[in-house]
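Residue-level structure breakdown
Spelled out, the chains give:
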Amino acid sequence: MKLIDGKKISNDKKIEIKNRIEKIKQQTNKIPGLATILVGNNPASQVYINSKIKACESVGIKSFHYNLSKDTSIGNIISLIKSLNNNQEIDGILLQLPLPNNQDAQECINAIDPLKDVDGLHPFNAGLLILAKNWNEILEKNILVSCTPLGIIYMLLHMSNINIEGKTAIVIGRSNLVGKPLSMLLLANNATVTIAHSKTNNLKNLCKNADIIIAAIGKPKFLNKDFIRDKAVIIDVGINKTPDGLCGDVDFDSVKDMDIEITPVPGGVGPMTITMLLENTLKAFKNRNSIKNYM
Ligand code: NAP
């Protein structure tokens, strides 16, 4: 088993982003700004938001944080979003999900200016992703894509020994946040993609035939060696709290002697997700300022 070091790849990417922001600052006298909105005080969400704010500061993105009480109405969240849409210092708006009290967040996401939608969840950006013919078009058009799937693709493309083109890939999970956009990104990179979910039959066989397996299920240690063939690449997106600590969707002990490459939890997909938020904030800044040549 070989580990794919998401922490290292994301740290390298952060240095590159920091350099690009410094260059932008010299040339335009402006810096990108990111607004984060947390509704309520869910401890896990608080930890995620703090990491995002810290990461912004580390690369020179100005962060603006808004903590709303857990009983804030959808209407009031939308009012805040509208005021942030009009704030010229802010290039990206991130609404931390999930919202408390099982409230549906899509109405709030729809209120975000698509140019500031750094999570890529606005229907406009989700549509652009589906319409893109290939990965180059996604890059050239600076399309804002959900951070976790984007981070996974960056990670795969970064590994010189992993080639996505022509490979069979299975994405387990079909959420708007992870599974669906990731399937589109793999397709744009010329993989042959299967999307699996809770009603999929013969999941084991489908996985056994895949070169690349993405587990985005949210069930601790769901995938064991019976699902995986030698030489496969496994991306474990799951973050699950168990009495024994944090773990992914893959049963690490069961696969540790296999000839595979795999992302650890923690230290795999998580750091890439945060770094892609920085990347998307920079992209949003560039799109809003019609800047083409800073990459
Ligand atoms: P989600 O919205 O709950 O989606 C889970 C998906 O898994 C659903 O599509 C569901 O199918 C599918 N599923 C559930 N049980 C299954 C089964 N027995 N067999 C096959 N598929 C099954 O979750 P999400 O937001 O996509 O997140 C997935 C996991 O990734 C969670 O653990 C989350 O914490 C983690 N995550 C990590 C990061 C990171 O940065 N590392 C970012 C985002 C999410 P149905 O659609 O049929 O219900």
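Below is a summary of the structure that appears in this document. Predicted, not measured: the structure shown is a model, and the values here were computed from it.

Once that is clear, we can look at the sheet that holds strand β5 (residues 168–172). Pairing is parallel in the open sheet, where six strands are placed in the order β1-β11-β8-β7-β5-β6. Pairing within the sheet leaves two strands with one partner each, and these edge strands are β1 (2–3) and β6 (192–196). Two strands pair when backbone bridges link them, and β1 and strand β11 (residues 261–262) are joined in this way by two bridges, in the parallel orientation. Looking at the pairing, K2 lines up with E261 of β11.

Once that is clear, we can look at helix α1 (residues 6–28). Over its 23 residues, α1 runs 32 Å from end to end, which matches the ideal 33 Å to within 8%, given 1.5 Å per residue. When we look at burial in α1, the residues that qualify are G6, I9, S10, K13, I17, R20, I21 and I24. Close packing links the buried residues of α1 with α2 (43–59), α7 (147–158) and α11 (269–288). Its side-chain oxygen 3.2 Å from the backbone nitrogen of K7, D5 forms the N-cap of α1.

Within the largest apolar cluster, 55 residues are counted, with the highest numbers of intra-cluster contacts made by I138, L186, I214 and I235. The leading source of residues in this core is α11, at nine residues. Three or more residues apiece are contributed to this core by two domains, here domain 1 (28–113) and domain 2 (145–270). With residues up to four places along the chain from it excluded, the contact list for I214 reads I152, I170, V171, I172, L182, L186, I235 and V237. If you look at the next biggest cluster of nonpolar residues, it comprises 21 residues, including I37, I78, I81 and A111.

Turning our eyes to something else, we now look at the environment of L150. Here L150 shows up in helix α7. With 110 residues separating them in the primary sequence, L150 and G40 have C-alpha atoms 27 Å apart. Apart from the residues lying within four places of it in its own chain, the contact partners of L150 are W135, V145, L185, M276, N280 and K283.

Here we come to the site of the ligand. Near the ligand lie 20 residues; those nearest to it are R174, S175, S198, V237 and T273. Contact distances for the ligand include 3.4 Å between a nitrogen atom and a backbone N or O atom of H197. Across the complex, the protein chains shield 71% of the 920 Å² of accessible surface that the ligand would expose by itself. Among the elements that line the shell around the ligand, the one with the most residues is α11, at three residues. The residue makeup of the shell around the ligand, split by class, is eight nonpolar, ten polar and two charged.

Take the packing of α7 against helix α8 (residues 179–188) next. As a packed pair, α7 and α8 sit with axes 9 Å apart at the nearest point and diverge in direction by 35 degrees. Handedness of the crossing formed by α7 with α8: right-handed. The residues of α8 that touch α7, namely those facing P149, L150, I152, I153 and L156, are P181, L182, L185 and L186. Its residues assigned to classes, the contact of α7 with α8 shows nine nonpolar, no polar and no charged.

This part covers unusual backbone geometry. Each neighbour pair has its own omega, and for L97 with P98 the value is 0 degrees, a cis peptide bond. The topology assignment puts P98 in the loop between β4 (92–95) and α4 (106–111). Along the chain, V265 connects to P266 via a cis peptide bond; the corresponding omega equals 0 degrees. As for its placement among the helices and strands, P266 is situated in the loop between β11 and α11. Even without being glycine, N102 reaches a positive phi, approximately 55 degrees. By secondary structure assignment, the location of N102 is in the loop between β4 and α4. Despite not being glycine, N142 shows a phi value in the positive range, around 50 degrees. Locating N142 in the fold gives a position in the loop between α6 (135–140) and α7. Looking at N142, the relative accessible area reads 11%, which means it is buried.

Basis of the calculations
Residues numbered from 1 in each chain as written. Predicted model: local features only at pLDDT ≥ 70, side-chain atom pairs only at ≥ 80, totals over all residues. Heavy atoms only, no water. Pairing = 2+ DSSP bridges. Helix = DSSP H or I, 4+ residues; strand = E, 2+ residues; numbered from the N terminus. Expected span 1.5 Å × (residues − 1). Buried < 20%, exposed > 50% of the residue type's maximum accessible area, 1.4 Å probe, protein only. Contact = heavy atoms within 4.5 Å. Polar contact = N/O pair within 3.5 Å; in protein donor to acceptor, adjacent residues only side chain to side chain. Core = buried A, V, L, I, M, F, W, Y, C linked by side-chain atoms within 4.5 Å. Domains from an automatic or database assignment. Near = heavy atom within 4 Å. Areas by Shrake-Rupley, 256 points an atom, 1.4 Å probe, with all protein chains shown as cover. Nonpolar A, V, L, I, M, F, W, Y, C, P; charged D, E, K, R; others polar. Axes fitted to C-alpha atoms, helices over the stretch in contact; angles between N-to-C directions. Left-handed = near helix turned anticlockwise from the far one by under 90°.

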